[in-house]
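Coordinate inspection notes
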Amino acid sequence: TPLHAGYILEDNLPFILRLLPAAILILAVGLVDDLYSLRPWQKLIGQTAIATLAFSLGLRVTTLAGYEIGGLTSFAVTVFWLLLCTNAFNLIDGMDGLAAGVALFATLTILVMSLLQDDVPLALATAPLAGALLGFLRYNVPPASIFLGDSGSLLVGFLLGSYAIVWSQKCATLLGLTAPVMAFAVPFLDVALAVARRFLRGQPIF
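Now for a description of the structure that goes with this document.

Next up on the list: the pattern of salt bridges. Oppositely charged side chains can form a pair if their charged atoms are brought close together. Enumeration according to the criterion identifies two salt bridges in this entry. Between K43 and D33 there is a salt bridge whose closest N-O contact spans 3.2 Å. Of this pair, K43 sits in helix α3 (residues 40–56) while D33 is found in helix α2 (residues 20–36), placing the two residues ten residues apart along the sequence. With respect to class, K43 is no different from D33; both count as buried. Ionic pairing is found between K43 and D150, a salt bridge with its closest N-O pair at 3.8 Å.

Once that is clear, we can look at α2. Taking 1.5 Å per residue, 17 residues should reach 24 Å; α2 reaches 24 Å between its end C-alpha atoms and fits that length. Burial in α2 covers these residues: A22, A23, I26, V29, G30 and D33. Along the long axis of α2, the arc covered by the buried residues comes to 120 degrees, so they all point the same way. Seen from the open side of α2, the exposed residues pointing more than 90 degrees away from its buried face are L35 and Y36. Just beyond α2, the residue with positive phi is S37, at close to 55 degrees.

For the pair α2 and α3, interaxial distance at closest approach is 9 Å and the crossing angle is 175 degrees. One element, α2, and the other, α3, form an angle in the roughly antiparallel class. Here P21, A22, L25, I26, V29 and D33 of α2 lie close against α3, whose contacting residues are K43, Q47, I50, L53 and A54. Grouping the constituent residues of the contact of α2 with α3 by class yields eight nonpolar, one polar and two charged.

Here the largest pocket is characterised by a volume of approximately 510 Å³. Taken together, 17 residues form the lining of the largest pocket, with L44, N87, L91, I205 and F206 sitting closest to its centre. Put simply, the parts of the chain that give the lining of the largest pocket at least two residues each are α3, α4 (71–91) and α9 (185–200). Among the elements that make up the lining of the largest pocket, the one with the highest residue count is α4 (seven residues).

Looking at where V195 falls in the secondary structure, it is placed in helix α9. Note on V195: relative accessible area 33%, which makes it partly exposed. Once the C-alpha coordinates of V195 and F206 are considered, the two residues, eleven residues apart in sequence, prove to be 8.6 Å apart.

It is worth spelling out the side chain of N140 at this point. Here N140 lies in helix α6 (residues 120–140). Of note is the side chain of N140, whose polar atom sits 2.9 Å from the backbone nitrogen of G97. In this structure, N140 is in contact with D96, G97, A100, I146 and F147, ignoring residues within four places of it in sequence.

What the rule picks out here adds up to two aromatic pairs. Ring geometry for F55 against F75: centres 5.2 Å apart, planes inclined by 80 degrees, an arrangement best described as edge-to-face. You can see F55 sitting in helix α3 and its partner F75 sitting in helix α4, a full 20 residues away along the chain. Looking at F75, the relative accessible area reads 27%, which means it is partly exposed. Taking the centre distance of 5.6 Å and the plane angle of 85 degrees together, the rings of W81 and F188 count as edge-to-face. Within this pair, whereas W81 is found in helix α4, its partner F188 is found in helix α9, the two being separated by 107 residues in sequence. Grouping residues by exposure puts W81 and F188 together as buried. Looking at R60, its charged tip hangs above the ring of F55, at a distance of 4.3 Å from the centre. The lysine or arginine in question, R138, covers the ring of Y139, its NZ or CZ lying 5.1 Å from the ring centre.

The rules we used
Residues numbered from 1 in each chain as written. Predicted model: local features only at pLDDT ≥ 70, side-chain atom pairs only at ≥ 80, totals over all residues. Heavy atoms only, no water. Salt bridge = Lys/Arg side-chain N within 4 Å of Asp/Glu carboxyl O. Helix = DSSP H or I, 4+ residues; strand = E, 2+ residues; numbered from the N terminus. Buried < 20%, exposed > 50% of the residue type's maximum accessible area, 1.4 Å probe, protein only. Expected span 1.5 Å × (residues − 1). Arc of directions from axis to C-beta. Axes fitted to C-alpha atoms, helices over the stretch in contact; angles between N-to-C directions. Parallel < 35°, antiparallel > 145°, perpendicular 65-115°, else oblique. Contact = heavy atoms within 4.5 Å. Nonpolar A, V, L, I, M, F, W, Y, C, P; charged D, E, K, R; others polar. 1 Å grid on protein atoms, 1.4 Å probe; cavity = no way out; pocket = protein on both sides within 12 Å on 5 of 7 lines; lining within 4 Å. Points joined across faces, edges and corners; volume = space filled by probe spheres on them. Polar contact = N/O pair within 3.5 Å; in protein donor to acceptor, adjacent residues only side chain to side chain. Phe/Tyr/Trp six-rings, centres within 6.5 Å; stacked < 30°, edge-to-face > 60°. Lys NZ or Arg CZ within 6 Å of the ring centre and 35° of its normal.

The structure is reproduced here in structure tokens:
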């Protein structure tokens, strides 16, 4: 029996392409930072603008702890989530293989869940990222010969945050956001510890 893979791709391509403008822009912000070392507030402004663009393109958190949200609440939660994920993976990119390894685990978690829920568009979006991270890790484990840089870590974090939002849209229960948070536990914990440590030392959070 034919699998009709071409028709499946054609039907779900608009969903995948919808993320493309925002993904290209977040990659550009990271690339400029790698080349010219942007200030933290400049990166934050750029990331916020890109998260706003993603929201306008339909990438929105519509349920929170099982309750439907909309309007400004949905906008605020969506932007905050994307900023958190984007910067969380950027912060843990300080040890060879760590950021890419955690990202691969999170990507495979979302991929498996999307397959279990028969969510073909999300599976088609996450599978290439899983393959890219797996191939990248081959050369990023110690002693590493290639590195993510800000362009790579920001892009991976943004994509995973976006995929988690799509996941939450398909799962209206508390699991919708709990599972992605568990998958991203390591980078989120690192963000919390970094902020707390700098606050206690009286250092600027940025």
